[in-house]
Amino acid sequence: MWSLGCVLYEMAALKPPFTAHDLSGLYKKICAGIFERIPFCYSNDLHSVISSLLKLDPKVRPDTDQLLANPLVAKYYKGEIEL
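What you see is a predicted model; the values in this text were computed from it and never measured.

A. Representation of the packing of aromatic side chains. Applying the stated rule across the entire model yields three aromatic pairs. Seen from their ring centres, Y9 and F35 are 5.7 Å apart, and the 85° between their planes marks the pair as edge-to-face. Here F35 lies in the loop between α2 (23-32) and α3 (44-53) and Y9 lies in helix α1 (residues 2-13), a separation of 26 residues in the sequence. Both residues of the pair, Y9 and F35, count as buried.

B. Looking closely at the packing of α1 against α3. The interhelical angle for the contact between α1 and α3, taken along N-to-C directions, is 145°, at an axis separation of 8 Å. At the point where α1 passes α3, the crossing takes the left-handed sense. Here W2, L4, G5, L8, Y9 and A12 of α1 lie close against α3, whose contacting residues are L46, I50 and L53. Class assignment of the residues belonging to the contact of α1 with α3 gives a composition of eight nonpolar, one polar and no charged.

C. Looking closely at the pattern of salt bridges. For the structure shown, the criterion picks out two salt bridges. Here K15 ties to E36 by a salt bridge, and the two come within 3.0 Å at their closest N and O atoms. Linking K15 in the loop between α1 and α2 with E36 in the loop between α2 and α3, this pair joins segments that are 21 residues apart in sequence. On the basis of relative accessible area, K15 is assigned to the partly exposed category, the value being 33%. With its nearest N and O atoms 3.0 Å apart, the salt bridge here joins D45 to K75. With a gap of 30 residues between them, D45 in helix α3 and K75 in the segment after α5 (71-74) connect regions that are remote in the sequence. What makes D45 partly exposed here is its relative accessible area of 26%. Given the relative accessible area of 49%, K75 is considered partly exposed.

Calculation notes
- Residues numbered from 1 in each chain as written.
- Predicted model: local features only at pLDDT ≥ 70, side-chain atom pairs only at ≥ 80, totals over all residues.
- Heavy atoms only, no water.
- Phe/Tyr/Trp six-rings, centres within 6.5 Å; stacked < 30°, edge-to-face > 60°.
- Helix = DSSP H or I, 4+ residues; strand = E, 2+ residues; numbered from the N terminus.
- Buried < 20%, exposed > 50% of the residue type's maximum accessible area, 1.4 Å probe, protein only.
- Axes fitted to C-alpha atoms, helices over the stretch in contact; angles between N-to-C directions.
- Left-handed = near helix turned anticlockwise from the far one by under 90°.
- Contact = heavy atoms within 4.5 Å.
- Nonpolar A, V, L, I, M, F, W, Y, C, P; charged D, E, K, R; others polar.
- Salt bridge = Lys/Arg side-chain N within 4 Å of Asp/Glu carboxyl O.

Here it is as C-alpha cells:
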C-alpha cells in the first residue's frame, strides 16, 4: 500500500513524495512522514486517499479491501476487472 501511495503521488505531482540531497536526508523525511500536498488541480478526495496510503504506521494504512471499500474510492470503483 505504501508503494501504491508513492506511485499515485508521483503520477499526480510529477515528483516523488519524499526528496532529499542525500540518503540520510531522505531517510529523515520518510521517517517524519511529511510531504507536500499534491497539486490543487486534484481533488481533496485524491489527496486524502494518497495520504492514507502514505501513513507511517503500516497498521493504520488501509489494506486492499479497506481501500476499495473507502467511500472516496468506491464511487469510482466498478467492481471486478475482467482480464
